[in-house]
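Tertiary structure, described
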Amino acid sequence: MKLSKLAEDLATGQTTSDPDIAGLCVDSRETGAGFLFAALAGSRADGAGFVADAEARGAAAILAGEGAEIATTLPVLRAADPRRAIALMAARFHGAQPEHVVAITGTAGKTSIATFTRQIWARCGLAAASVGTTGVVSPSRDEYGSLTTPDPIALMRLMAELAGEGVTHAAMEASSHGIDQRRLDGVRLAAAAFSNLGHDHLDYHPDIESYFAAKMRLFTTLLPKGAPAVIFADDRWSGRAIDVATSVGAKVMTVGRGGNFLTLKRLELERQRQIAEIEAEGRIHRVVLPLAGEFQMANALVAAGLAIATGVATADALAALEHLKGAAGRLDLAGTTADGAPVFVDYAHKPEALENVLAAVRPFTTGRVVVVIGCGGDRDRAKRPMMGEIAARLADIVIVTDDNPRSEEPAAIRAEIMTAANGAREIGDRRAAIREAVASARTGDTVVIAGKGHEVGQTVAGITHHFSDHEEVRAALTEAAR
Ligand SMILES: CC(=O)N[C@H]1[C@@H](OP(=O)(O)OP(=O)(O)OC[C@H]2O[C@@H](n3ccc(=O)[nH]c3=O)[C@H](O)[C@@H]2O)O[C@H](CO)[C@@H](O)[C@@H]1O[C@H](C)C(=O)N[C@@H](C)C(=O)N[C@H](CCC(=O)O)C(=O)O
Ligand SMILES: Nc1ncnc2c1ncn2[C@@H]1O[C@H](COP(=O)(O)OP(=O)(O)OP(=O)(O)O)[C@@H](O)[C@H]1O
Ligand SMILES: N[C@H](CCC[C@H](N)C(=O)O)C(=O)O
Ligand SMILES: [Mg+2]
């Protein structure tokens, strides 16, 4: 595609030559011959400093912010918001997208809602995909992921590939980082959803209001006017989210106990399932959700709302809930001890998630709740004492261990958790911590291994080693049975 066509109405600048652009990148190390390199000012580095590197690797043009100092012989295009410009260029460059793409934001539940939405669509005979923290799943792929919202170029390439594979319906997670950094500005959204707001990423966003505002950009800027906004009604922040979505002219559909569109009338919780009465369009539907934890009912309702918003019949969407499988590592039963104590792996790595998961297992625990927790390095430090306090308050046995220390000193992270985790034991080695938790469980107890969920690596001192909570639980159960 010619540079002038790629940039039309999106960026202005140097027009002495009009090269054919062979690809786009935001990381100079990914530059190929004939690529446009977008030099973006980031949180750690300034892309302007990598222009020479991109040029040496064969870049044909540069995109930069208005004020950025760029030293190059290549054509330079300028945009006031270069992150948005590159996202829109990526959409133009890669072309096709699935016809119905929905995006989910919120502090907790995004991965679960995206996978549930995909499952509902698929059950109703639609070619469906989900994109997020656990990876990409479609009729023809199941790929492990890393970022919750991929970078704009990878994302638009993926959207085009999915469309090419015949996927018509895709559900994607919209992280606050992703929304703020314009990663999904090129996606044409059919609907959007909000689950809840809690404490996370306050190392990146200056305060909770800015964090909320970043999430609300999904409704205010990215969702086309008049498109459906599915909002979980029972969160502390729901009212604010409803106001924002209403103010920009979205078609607001609320779900939950306080929801108008799908109203949860009654809920009966059992150990591995829950039975709900849901009122929709004046009719009561009885739904047996085969998942533990009331928060999963919230996630299921948002997913059903999204499916209905994109054309699935209400009764079909609700009937499909009876077949949902939990996302990997979300209150995921990894095994059971010889004494019958269930051992769950769960991705709770933030306060509200931990609070929810520990509250979810309590009703079916006649003995003690045993929890293993840690916190990631190079991430919001304020979460650490908060999670220590929650674990100490809601569990009977707390083992504080390492999560992904990344570049930080692991013992220092544990110490910050321990300050508020009265009575907790500290076992740095996650493998040993899991073994200790499993060995301590008796009949009636429930064990929760929190923080890493589906992850298959542990990043220590910048190096990622293979590590899976699921594998470690199974090994611990085998050892305990000997
Ligand atoms: C803090 C953060 O979000 N960083 C993301 C951001 O990087 P950045 O723009 O701040 O990058 P930077 O390191 O300051 O560098 C500036 C620019 O120079 C470029 N560069 C850098 C080095 C080089 O040799 N050449 C080069 O061109 C970089 O590609 C970048 O464009 O944009 C990059 C491209 O989209 C992302 O890969 C990167 O994610 C990093 C790896 C990351 O760890 N992000 C996490 C915090 C994240 O995004 N998490 C969210 C939320 C998770 C959740 O709760 O679900 C997610 O969506 O996954
Ligand atoms: N609706 C919810 N309300 C509160 N907690 C939840 C909810 N859904 C899931 N959780 C908790 O949060 C954890 C992460 O869930 P999930 O992966 O679905 O959310 P997410 O928003 O994608 O999170 P992340 O940003 O970490 O990718 C779960 O393991 C569970 O502990
Ligand atoms: N998407 C989240 C994942 C955190 C997972 C947890 N295991 C940790 O390392 O903190 C983040 O990047 O903050
Ligand atoms: Mg996620």
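Residues numbered from 1 in each chain as written. Chains lettered and ligands numbered in written order. Predicted model: local features only at pLDDT ≥ 70, side-chain atom pairs only at ≥ 80, totals over all residues. Heavy atoms only, no water.

In the nomenclature of an unreviewed UniProt entry, the chain is known as UDP-N-acetylmuramoyl-L-alanyl-D-glutamate--2,6-diaminopimelate ligase of Aurantimonas manganoxydans. Among the UniProt annotations of the chain, the heading Function (unreviewed entry) holds the following wording: "Catalyzes the addition of meso-diaminopimelic acid to the nucleotide precursor UDP-N-acetylmuramoyl-L-alanyl-D-glutamate (UMAG) in the biosynthesis of bacterial cell-wall peptidoglycan." (UniProt positions renumbered as here; feature names shortened; annotations may be inferred.)

Glycine aside, the phi torsion of most residues is negative, and most peptide linkages are trans. In the Ramachandran plot, D9 falls in the positive-phi region, its phi being about 65° despite a non-glycine side chain. With respect to the secondary-structure elements, D9 resides in the loop between α1 (3-7) and β1 (12-13). One non-glycine residue, E281, lies in positive phi territory at about 45°. Looking at the element boundaries, E281 is found in the loop between β15 (274-280) and β16 (283-289). Judged by relative accessible area, E281 falls into the exposed class, the value being 62%. (Helix = DSSP H or I, 4+ residues; strand = E, 2+ residues; numbered from the N terminus. Buried < 20%, exposed > 50% of the residue type's maximum accessible area, 1.4 Å probe, protein only.)

Read across the open sheet, the 6 strands follow the order β17-β18-β22-β19-β20-β21; overall the sheet is mixed. A single partner strand is all that each edge strand has here, and the edge strands are β17 (332-336) and β21 (425-426). One ladder, built from 4 bridges, connects strand β18 (residues 342-346) with strand β22 (residues 446-450); its direction is parallel. Within the sheet, the bridge partner assigned to F344 lies in β22 and is V448. Packed onto the sheet, helix α12 (residues 383-394) meets β19 (369-373) and β20 (397-400) and runs at close to 165° relative to β19. Lying over the sheet, helix α14 (residues 430-440) contacts β18, β19, β20, β21 and β22, oriented at roughly 165° with respect to β22. (Pairing = 2+ DSSP bridges. Contact = heavy atoms within 4.5 Å. Axes fitted to C-alpha atoms, helices over the stretch in contact; angles between N-to-C directions.)

With that settled, consider the environment of N196. Within the fold, N196 resides in the loop between β11 (189-194) and α7 (208-222). Once you skip the residues sitting within four places of it in the chain, N196 turns out to touch G106, T107, A108 and D235.

The subject of this paragraph is the site of ligand 3. Residues in close proximity to ligand 3 include H201, Y347, H349, G376, R379, D403, N404, R406, G451 and E455, which together make up its full environment. Residue N404 places a side-chain N or O atom 2.9 Å away from an oxygen atom belonging to ligand 3. Between ligand 3 and R406 there is a distance of 3.0 Å, counted from an oxygen atom to a side-chain nitrogen or oxygen. Here the shell around ligand 3 is composed, by residue class, of 1 nonpolar, 5 polar and 4 charged. (Near = heavy atom within 4 Å. Polar contact = N/O pair within 3.5 Å; in protein donor to acceptor, adjacent residues only side chain to side chain. Nonpolar A, V, L, I, M, F, W, Y, C, P; charged D, E, K, R; others polar.)

In the vicinity of ligand 2, 21 residues are found, and the nearest of them are T111, S112, R330, D346 and H349. At 3.1 Å, a backbone N or O of Y347 approaches an oxygen atom of ligand 2. At 3.4 Å from a nitrogen atom of ligand 2 is found a side-chain nitrogen or oxygen belonging to N356. When isolated, ligand 2 has an accessible area of 620 Å², and the protein chains bury 96% of it. Elements with a minimum of two residues in the shell around ligand 2: α4 (110-123), α9 (294-309) and α11 (351-361). The class makeup of the residues in the shell around ligand 2 is 6 nonpolar, 10 polar and 5 charged. Of the residues that make up the shell around ligand 2, three or more belong to each of domain 2 (95-323) and domain 3 (332-481). (Areas by Shrake-Rupley, 256 points an atom, 1.4 Å probe, with all protein chains shown as cover. Domains from an automatic or database assignment.)

Further remarks concern the domain arrangement of the chain. It is common to report an interface's size as the accessible area lost on association of the parts. Structurally, the chain comprises domain 1 (3-82), domain 2 (95-323) and domain 3 (332-481). Just the C-alpha atoms count here: the centres of domain 1 and domain 3 sit 45 Å apart.

With that settled, consider the environment of G305. Looking at where G305 falls in the secondary structure, it is placed in helix α9. Residue class for G305 comes out buried when judged on its relative accessible area of 0%. Counting along the chain gives 13 residues from G305 to L318, while the straight-line C-alpha distance between them is 9.2 Å. In this view, G305 contacts V230, M253 and L262; residues no more than four positions away in its chain are not counted.

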